[in-house]
Amino acid sequence: VTDPLDLLSSREREVLQLIAEGKTNKDIATLLNLSVYTVDAHRGRIMRKLDVSSEGELIRFALRETMPP
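A brief look at the structure comes next. (Residues numbered from 1 in each chain as written. Predicted model: local features only at pLDDT ≥ 70, side-chain atom pairs only at ≥ 80, totals over all residues. Heavy atoms only, no water.)

## What about the environment of Pro4?
Consideration 1: Along the chain, the position of Pro4 falls in the segment before α1 (10-20).
Consideration 2: Pro4 sits in the partly exposed class, given a relative accessible area of 30%.
Consideration 3: Between the C-alpha atoms of Pro4 and Asp51, which are 47 residues apart in sequence, the distance is 9.8 Å.
Consideration 4: Sequence-distant contacts of Pro4, that is, excluding residues within four places in its chain, are made with Leu50 and Phe61. (Helix = DSSP H or I, 4+ residues; strand = E, 2+ residues; numbered from the N terminus. Buried < 20%, exposed > 50% of the residue type's maximum accessible area, 1.4 Å probe, protein only. Contact = heavy atoms within 4.5 Å.)

Listed below in structure tokens is the structure:
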């Protein structure tokens, strides 16, 4: 896979975008009409798929890959 975002489902990409925008799990759950637990599960799967081990790494990746230059 050349683009790590290709590893993510469309819902995971939505969650990643909202993480990049600084939204909390509760904010994301409200916006996407999901439970906070589901958002947390998406966040965990995103971290595993992208092989990042901390929230900081995830946020840096999200900002770098989803926000316009």
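Having put the structure on the table, let's press on.
## Digging into helix α2 (residues 25-32)
Consideration 1: For α2, every residue scored as buried is listed here: Asn25, Ile28, Ala29 and Leu32. The arc that holds every buried residue of α2, seen down its axis, measures 100°, which confines them to one face. Turned more than 90 degrees from where α2 packs its buried face, Lys26, Thr30 and Leu31 sit exposed.
Consideration 2: Tucked inside the fold, the buried residues of α2 contact α1 and α3 (36-50).
Consideration 3: Within two residues after α2, Asn33 carries a phi angle of roughly 55°, on the positive side. (Arc of directions from axis to C-beta.)

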